[in-house]
Amino acid sequence: MKISQRGAIPPFIVMDVMKAAADREASGEGVLHMEVGQPSTPAPSGVINAAKQALDGDLLGYTLATGILTLRERIARHYLEYYGVTVPAERICVTTGSSAAFLLTFLAAFDPGDKVAILRPGYPCYRNILGALDIEAVEVPVGPDSRFQPTLESLDAAGGGDLDGLLIASPANPTGSMLREDELRGILDYCRNHQIRYISDEIYHQITYGETTSTAVAHDADAVVINSFSKYYSMTGWRLGWMVLPEDMLRPVERLAQNLFISAPSLAQHAAVAAFDCSVELDANVARYARNRELLLAELPKAGLDKFAPADGAFYIYADVRTFTNDAQAFCRQMLEQTGVAATPGNDFDPVDGASHVRFSFAGSDEDMAEACRRLQVWLAKV
Ligand SMILES: Cc1ncc(COP(=O)(O)O)c(C=O)c1O
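Residues numbered from 1 in each chain as written. Predicted model: local features only at pLDDT ≥ 70, side-chain atom pairs only at ≥ 80, totals over all residues. Heavy atoms only, no water.

> Can you break down the overall build of the chain residue by residue, with the values?
In terms of regular secondary structure, the chain is built from 12 helices and 12 strands. With respect to the principal axes defined by its C-alpha atoms, the chain has extents near 60 × 55 × 55 Å. Counted over contacts in the chain with a minimum sequence separation of 6, partners at least 24 positions apart contribute 75%. Of the accessible surface of the chain, which amounts to about 16,100 Å², a share of 52% is contributed by carbon and sulfur atoms. Between the averaged position of the 32 positive side-chain charges in the chain and that of its 49 negative side-chain charges there is a distance of 3 Å. (Helix = DSSP H or I, 4+ residues; strand = E, 2+ residues; numbered from the N terminus. Contact = heavy atoms within 4.5 Å. Areas by Shrake-Rupley, 256 points an atom, 1.4 Å probe, with all protein chains shown as cover. Lys, Arg positive; Asp, Glu negative; His and termini not counted. Charge placed at Lys NZ, Arg CZ, Asp CG, Glu CD.)

See below:
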């Protein structure tokens, strides 16, 4: 029987590491989770209470394909209050996590054969989803010289005016690096001049350590902004995200969303309205990430890991492990077996240089991070 080439996309390796960690846990052995980019906290209590009320009081049927109006209005208010930007609720589309937003955006903005630039290292699913849709992912290599963000010269080298799209996350995964506001403006000008659709992955906004974030929607009405309740709002499994769309993509995205998803999960939508009023609890999570980040930046060098990407935001340390290995996948497997610390090999984020890098997520508890550092120091002293 025939099976399609589209399904032959690479795995999302972090999910495979999660599986290995779950197998270890099932056999009764403990795991310190540094592999997955997910808060170790539940959704904030305001969201859980709102979900309980919705369970009792609402039909929880399908919603409009673009989401319930109360949530879209609340997201619009967030743009005004947090960024000082007026965004009409009509331009907001609620999605099944930001993952669905990528699919909808790529389908609505690009045709097969179009070229979309993404950063390397970068979030693997961009490359893999584009590949499944027969859209060419053009990799822009980034490194320490430009703080792991692209320069205009690197965009020229990637094809410049031949590109149809450019997708950047700031703060980024796996590096945590951020675009400064002047850099973002420069890139947006570049995209406008070359008719390149800019897609801004803002999923790690509000998780920063001293740097400020600026939303692309403040500067460019043609940009697509993608965000999610997964990270700052600590709601990964609720599968809810949103987009701020340019006018010309509203109806195409709506038609695609109707046909592909009908609607995002109704219960999650009703509950998420409360998320924007939970900043005390959520900012306490960010304070914990900040403590964990300080701890790792101080303790990992004692284990011999001292070359990192900037970690300006998000909750990752992307470490160069070249002095220990050029096979990060085997290294992470052994680390899990011998220390119980799960981390993600750089191969997930960078098919060229990733084998000499490991991403450590510090979204876990203070205690787990401290214990992981201790175990890594002992283990790496022997490797
Ligand atoms: C940069 C980035 N974008 C998007 C996602 C997808 O998140 P979700 O579908 O849960 O919104 C992730 C998840 O780790 C991510 O790191």
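Now that the structure has been shown, the text picks up again.
> Go over the domain arrangement of the chain, please, and point to the residues and values.
Splitting the chain by domain gives domain 1 (6-43 + 279-382) and domain 2 (62-277). Taken together, the contact pairs 36 residues of domain 1 with 38 residues of domain 2. Counting each side, the surface lost to burial between domain 1 and domain 2 is near 3,000 Å², with a carbon and sulfur contribution of 59%. The largest per-residue losses of area from domain 1 upon contact with domain 2 belong to Leu-282, Asp-312 and Phe-349, which jointly make up 20% of the total buried on that side. Counting across the domain 1 and domain 2 interface gives 3 salt bridges. The partner of Arg-120 in a salt bridge is Asp-350, with the nearest N and O atoms 3.0 Å apart. The interface formed by domain 1 and domain 2 includes 18 residue pairs in polar contact (both at pLDDT 80 or more). At the level of secondary structure, the elements contributing two or more residues to the side of domain 1 that touches domain 2 comprise helix H10 (279-299) and strand E9 (316-320). Ranked by the residues each element gives to the side of domain 1 that touches domain 2, the list is headed by H10, at 8 residues. Of the residues belonging to the side of domain 1 that touches domain 2, the class tally is 22 nonpolar, 6 polar and 8 charged. (Domains from an automatic or database assignment. Buried area = accessible area lost by both parts, 1.4 Å probe. Salt bridge = Lys/Arg side-chain N within 4 Å of Asp/Glu carboxyl O. Polar contact = N/O pair within 3.5 Å; in protein donor to acceptor, adjacent residues only side chain to side chain. Nonpolar A, V, L, I, M, F, W, Y, C, P; charged D, E, K, R; others polar.)

> I'd like a rundown of the pairing of strand E4 (residues 136-141), residues and numbers included.
Here strand E3 (residues 115-120) runs beside E4; their pairing, made up of 6 bridges, is parallel. Paired with Ala-117 across the bridge in E4 is Val-138. (Pairing = 2+ DSSP bridges.)

> Go over the site of the ligand with me, naming the residues and quoting the values.
Around the ligand, a shell composed of 14 residues is seen, among which Ser-99, Asp-201, Tyr-204, Ser-228 and Ser-230 lie nearest. One of the side-chain nitrogen or oxygen atoms of Ser-228 is found 2.7 Å away from an oxygen atom of the ligand. The side chain of Arg-239 places a nitrogen or oxygen atom 2.8 Å from an oxygen atom of the ligand. Here the ligand has 400 Å² of accessible area as a free molecule, and 92% of this is covered by the chains. Examining the composition of the shell around the ligand, we find that 4 residues originate from one element, helix H4 (residues 97-109), more than from any other. When its residues are assigned to classes, the shell around the ligand shows 5 nonpolar, 6 polar and 3 charged. (Near = heavy atom within 4 Å.)

> Can you explain the environment of Ser-263? Please cite residues and give values.
Tracing the sequence through the fold places Ser-263 in the loop between helix H8 (250-260) and helix H9 (266-272). As a C-alpha pair, Ser-263 and Val-94 span 169 residues in sequence and 8.3 Å in three-dimensional space. Excluding anything up to four places from it in sequence, Ser-263 contacts Tyr-62, Thr-63, Leu-64 and Thr-96. Here Thr-63 takes part through its backbone nitrogen, which lies 3.3 Å from a polar atom of the side chain of Ser-263.

> Explain H10 to me, using residue names and the numbers behind them.
Here H10 spans 30 Å end to end across 21 residues, near enough to the 30 Å set by a 1.5 Å rise per residue. Listing the buried residues of H10 in full gives Leu-282, Asn-285, Val-286, Arg-288, Tyr-289, Asn-292, Arg-293, Leu-296 and Glu-299. Along H10, the residues classed as buried sweep out an arc of 155° about the axis, all on the same side. The secondary structure elements touched by the buried residues of H10 are E9, strand E12 (357-361) and helix H12 (366-382). (Expected span 1.5 Å × (residues − 1). Buried < 20%, exposed > 50% of the residue type's maximum accessible area, 1.4 Å probe, protein only. Arc of directions from axis to C-beta.)

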